[in-house]
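Survey of secondary and tertiary structure
Single-letter residue listing:
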Number of protein chains: 2
Amino acid sequence: METAQLDQQTATALTIEQLFAHWQGHRNLTRKTIEAFSEDDLFNYSVGGMRPFALLVVEILDLTGPGIEGIVTGKWKGMEELAHTTGNYPKTKEGLLSQWDATTTILNQFAPQVTYARLQDTEAAFGMYEDKIYSTLMYIIDNEIHHRAQATVYLRSLGIAPPPFWERF
Amino acid sequence: METAQLDQQTATALTIEQLFAHWQGHRNLTRKTIEAFSEDDLFNYSVGGMRPFALLVVEILDLTGPGIEGIVTGKWKGMEELAHTTGNYPKTKEGLLSQWDATTTILNQFAPQVTYARLQDTEAAFGMYEDKIYSTLMYIIDNEIHHRAQATVYLRSLGIAPPPFWERF
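Summary of the structure given here.

Reading the values: the criteria
- Residues numbered from 1 in each chain as written.
- Chains lettered and ligands numbered in written order.
- Predicted model: local features only at pLDDT ≥ 70, side-chain atom pairs only at ≥ 80, totals over all residues.
- Heavy atoms only, no water.
- Helix = DSSP H or I, 4+ residues; strand = E, 2+ residues; numbered from the N terminus.
- Rg over C-alpha atoms; globule rule 2.2 N^0.38 Å.
- Buried < 20%, exposed > 50% of the residue type's maximum accessible area, 1.4 Å probe, protein only.
- Contact = heavy atoms within 4.5 Å.
- Lys, Arg positive; Asp, Glu negative; His and termini not counted.
- Charge placed at Lys NZ, Arg CZ, Asp CG, Glu CD.
- Axes fitted to C-alpha atoms, helices over the stretch in contact; angles between N-to-C directions.
- Parallel < 35°, antiparallel > 145°, perpendicular 65-115°, else oblique.
- Left-handed = near helix turned anticlockwise from the far one by under 90°.
- Nonpolar A, V, L, I, M, F, W, Y, C, P; charged D, E, K, R; others polar.
- Buried area = accessible area lost by both parts, 1.4 Å probe.
- Salt bridge = Lys/Arg side-chain N within 4 Å of Asp/Glu carboxyl O.
- Polar contact = N/O pair within 3.5 Å; in protein donor to acceptor, adjacent residues only side chain to side chain.

**Concerning the overall build of chain A**
For chain A, the helix and strand inventory stands at 8 helices and 3 strands. Moving toward the C terminus, one meets the helices and strands of chain A in the order α-β-α-α-α-α-α-α-β-β-α. Its C-alpha radius of gyration of 17 Å places chain A within 12% of the 15 Å reference for a compact globule of 169 residues. Each principal axis of the C-alpha distribution contributes one length, and for chain A these read about 55 × 35 × 30 Å. A buried classification covers 54% of the 169 residues belonging to chain A. For chain A, restricting intrachain contacts to residue pairs at least 6 apart in sequence, the fraction spanning at least 24 positions comes to 75%. Of the charged side chains in chain A, 13 are positive and 21 negative, and the gap between their average positions amounts to 4 Å.

**Let's talk about the packing of helix α8 (residues 133-157) of chain A against helix α2 (residues 16-36) of chain B**
Packing of α8 of chain A against α2 of chain B leaves a shortest axis separation of 12 Å and a crossing angle of 45°. When the axis of α8 of chain A is compared with that of α2 of chain B, the two are oblique. Read as a crossing pair, α8 of chain A and α2 of chain B show a hand that is right-handed. Along the contact surface, α8 of chain A presents Tyr134, Met138 and Asp142 of chain A, while α2 of chain B presents Gln18, Leu19, His22 and His26 of chain B. For the contact of α8 of chain A with α2 of chain B, the residue count by class is 3 nonpolar, 3 polar and 1 charged.

**So, the interface of chain B and chain A**
Chain B puts 45 residues into the contact, and the matching count from chain A is 45 residues. Across the chain B/chain A interface, buried area totals approximately 4,300 Å², and carbon plus sulfur atoms make up 63% of it. Between chain B and chain A we count 0 salt bridges in total. The tally of links from chain B across to chain A stands at 13 residue pairs in polar contact (both at pLDDT 80 or more). Tallied by class, the residues present in the side of chain B that touches chain A amount to 23 nonpolar, 18 polar and 4 charged.

**So, the pattern of salt bridges**
All names here are of chain A. Across all of its chains, the model carries 10 salt bridges over all chains by this definition. One salt bridge connects glutamate 35 with arginine 31, and the closest N-O pair in it is separated by 3.1 Å. One end of the pair, glutamate 35, and the other, arginine 31, are both in helix α2 (residues 16-36), 4 residues apart, so they sit about a helical turn from each other. Overall, arginine 31 belongs to the buried group, its relative accessible area being 19%. For aspartate 101, the salt bridge identified is with arginine 31, shortest N-O distance 2.8 Å.

Here it is, written out as structure tokens:
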């Protein structure tokens, strides 16, 4: 009898390793979506008065790099220190992609230090969003899916087919 | 020593109960996003030649109801049987919301039957998408986030503020 696995309060939906592999798949798709934009459209084009995709990417990078550092160490940057607030971010497509790849390295360094116990802690992410850490982690991943999907509408309205949602690597 | 919890190959990222609660939060936000559209815009408006949000909602409903049934029972409907393929779906906003709520009930009925062992099975979802079941489940949730985000761009281009991403209930 695998009693523990029949109890949904404790049964694993997916393992930490599976969740981070899932996220890296999404991150690879987001990278391809950045590549699909011309530099001009990346920084200047949007629909309905929304932010251009470059600014959404900066927010995603802010939540991913400083986010995983906060998740692992408990040391959170304040929102006022993050690039999407300060404006201190790369102003070219190449620069953004380079920061994207640097953030992939940071994520791969910190991810193996994430533990079940830590994910069940409650803490104010970025000093202001109090929640369970696993919920903060899901928020960061979901926020990337959300903003990348908005960018697919930008691309369609530019007559460009976005990279397929199901192709992650 | 909590050895098992230090091993990321087996450590829980989140429990089955937490993942389904997380999904129902997203589903509530998607329901509010449907409500934000007028009936005419829901069925007829889009950006960049994409599908109107109603058709994306039908796809979400197809993946959620028949999806959770397949996940639990192993009995998968074929894509050719699903409403977004057959065209047999509600043609009013009220009808779509009513089917949304019926699907919430179905999800709540099946979710408690999901087990860790089942989520680690490999199976062809809807008879054609072979993957681990947990990955299929994540795909269904992510696909909802993706299409709802596209609808937020439709709303912005109509001059309507979408419901906030972070407000789930």
